[in-house]
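Okay, here's what each chain looks like letter by letter:
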2 protein chains.
Amino acid sequence: MEGLTINEAAETTGWSPRMLRYIESAGLIEPLRTPKGYRIFGPGELQRLRTLRELLARFDCALSDVAFARRYASDQELRAALEHWFERRAERPEGVASGDWLSWEQRKHERLLAQDTPPRLTETTAA
Amino acid sequence: MEGLTINEAAETTGWSPRMLRYIESAGLIEPLRTPKGYRIFGPGELQRLRTLRELLARFDCALSDVAFARRYASDQELRAALEHWFERRAERPEGVASGDWLSWEQRKHERLLAQDTPPRLTETTAA
DNA sequence: GCAACCTTGACACGATCGTGTTAAGCTTTG
DNA sequence: CAAAGCTTAACACGATCGTGTCAAGGTTGC
């Protein structure tokens, strides 16, 4: 065969027909259509579908993540904004620059001083 | 004030205290802690939080999207894999190359021929 | 023409997201 | 010391994700 119908494609890719439609609705694939609307999956689409399963499993992420990553990768404005946001970390008081914000030092003593029991930060970063 | 406590930070950023903790658990912020475990939000964190609200609104995306984008931006392997996957589109029969996969042309006629009602692809791309 | 297949739409359901709220227990502050 | 704050844990709840399944109706194939 050449271009597979949805059920055939489902069998060779491991996805259920339902999921193939769902993935399409998520904008991650775009199978061709016969004039009557039947989906036909070419070898490229089939390969992408198999790879997609691997990706989701390998990186333990969701379809929506992949969809967003695609958006992130192609939307220049989005990427710029987010990248800038990511960069903006470490605004940590190591470089308290100027009096930009009333003396960190001062209060640091007032508040952070006189204490004990140090390692109490159980992050539980929701694996 | 200097480093704000969670409730103060909530007020100036617009997020609820609950959400500030949630956002932290998502790994998007990492406020300092007093030795006793009290969160203190510095001006940097506060700004990031305000910006975050703008980002989510402006690009209509979720916290998990931002979290994944961050991962995508910093995990070389992940990015490479996904980028490769994104690229792999348009495996469309315009460049059917060689006999890589038994004659598209041939079957194209067998299946796609003799039909009418053309524009029936309502995408409904789940806005 | 009838069985087999495809299409969209909808109901369902557990899982997770985004939020609020409350409980139980330290800490800071007046 | 008592009130006010902070912390984590947990229950709750509507919304969306990921899937299955079923229904109603065209299409294809023998």
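Scoring rules and cut-offs
- Residues numbered from 1 in each chain as written.
- Chains lettered and ligands numbered in written order.
- Predicted model: local features only at pLDDT ≥ 70, side-chain atom pairs only at ≥ 80, totals over all residues.
- Helix = DSSP H or I, 4+ residues; strand = E, 2+ residues; numbered from the N terminus.
- Buried ≥ 20, exposed ≤ 12 C-beta atoms within 10 Å, placed from the backbone.
- Contact = placed C-beta atoms within 7 Å.
- Core = buried A, V, L, I, M, F, W, Y, C linked by C-beta atoms within 7 Å.
- Near = placed C-beta within 6 Å.
- Nonpolar A, V, L, I, M, F, W, Y, C, P; charged D, E, K, R; others polar.
- Expected span 1.5 Å × (residues − 1).
- Axes fitted to C-alpha atoms, helices over the stretch in contact; angles between N-to-C directions.
- Parallel < 35°, antiparallel > 145°, perpendicular 65-115°, else oblique.
- pLDDT = per-residue confidence, 0-100.

**Looking at the overall build of chain A**
A count of helices and strands for chain A gives six helices and two strands. In sequence order, the secondary structure elements of chain A are arranged as α-α-β-β-α-α-α-α. Among the 127 residues that make up chain A, the fraction classed as buried is 19%. Long-range contacts, defined as pairs at least 24 residues apart, comprise 46% of the intrachain contacts of chain A with a sequence gap of at least 6.

**Some words on the nonpolar core**
The biggest cluster of nonpolar side chains holds 12 residues, and these are Leu-55, Val-66, Phe-68, Ala-69, Tyr-72 and Leu-82 of chain A together with Leu-55, Val-66, Phe-68, Ala-69, Tyr-72 and Leu-82 of chain B. Elements supplying a minimum of two residues to this core: α4 (63-74) of chain A together with α4 (63-74) of chain B.

**Regarding the protein's contact with DNA strand C**
As a structural note, the neighbourhood of DNA strand C is formed by 22 residues, with Thr-5, Asn-7 and Arg-39 of chain A together with Ser-16 and Ala-62 of chain B the closest of them. Going through the elements one at a time, α1 (6-13) of chain A together with α2 (17-25) and α4 of chain B are the ones with two or more residues in the surface near DNA strand C. When its residues are assigned to classes, the surface near DNA strand C shows seven nonpolar, nine polar and six charged.

**Concerning the protein's contact with DNA strand D**
For DNA strand D, the set of nearby residues contains 21 residues, the closest of which are Ser-16 and Ala-62 of chain A together with Thr-5, Asn-7 and Arg-39 of chain B. Residue assignment for the surface near DNA strand D shows that the elements contributing at least two residues are α2 (17-25) and α4 of chain A together with α1 (6-13) of chain B.

**Regarding the environment of Ala-81 of chain B**
All names here are of chain B. Locating Ala-81 in the fold gives a position in helix α5 (residues 76-87). Overall, Ala-81 belongs to the partly exposed group, with 16 C-beta atoms counted inside 10 Å. Through-space distance from the C-alpha of Ala-81 to that of Leu-49 is 30 Å; in sequence the pair is 32 residues apart.

**Let's talk about helix α3 (residues 43-58) of chain B**
Residue and element names in this part refer to chain B. In a regular helix each residue adds 1.5 Å, so 16 residues correspond to 22 Å; α3 covers 22 Å between its end C-alpha atoms and thus fits that length. Every buried residue belonging to α3 is among Glu-45, Leu-46, Arg-48, Leu-49 and Leu-55, and all of these are buried. Phi for Asp-60, located one or two positions after α3, is positive at around 45°.

**Points about the packing of α4 of chain A against α5 of chain B**
Orientation of α4 of chain A relative to α5 of chain B, taken along the N-to-C sense of each, is 80°, at an axis distance of 10 Å. Of the possible angle classes, the one that applies to α4 of chain A and α5 of chain B is roughly perpendicular. Facing Val-66, Ala-69, Arg-70 and Ala-73 of chain A of α4 of chain A, the residues of α5 of chain B in contact are Leu-82, Glu-83 and Phe-86 of chain B. Tallied by class, residues from the contact of α4 of chain A with α5 of chain B come to five nonpolar, no polar and two charged.

**Thoughts on the environment of Pro-43 of chain B**
With respect to the secondary-structure elements, Pro-43 of chain B resides in helix α3. For the pair formed by Pro-43 of chain B and Ala-9 of chain B, sequence separation is 34 residues and the distance between their alpha carbons is 9.5 Å.

**Comments concerning unusual backbone geometry**
Residue and element names in this part refer to chain A. The backbone of Asp-60 sits at a positive phi, close to 45°, despite the residue not being glycine. Tracing the backbone shows Asp-60 in the loop between α3 (43-58) and α4. By C-beta crowding, Asp-60 is classed as exposed, having 9 other C-beta atoms within 10 Å.

**Considerations on the confidence of the model for chain A**
Residues and elements named next belong to chain A. When pLDDT is averaged across chain A, the result is 77; 69% of the residues are at 70 or more. Looking at the elements of chain A, mean pLDDT is at its lowest for helix α6 (residues 104-112), recorded as 36, and at its highest for strand β2 (residues 39-40), recorded as 98. Here residues 93-127 is modelled with pLDDT under 50, and outside its nearest four sequence neighbours on either side it reaches 27 contacts, counting other chains as well.

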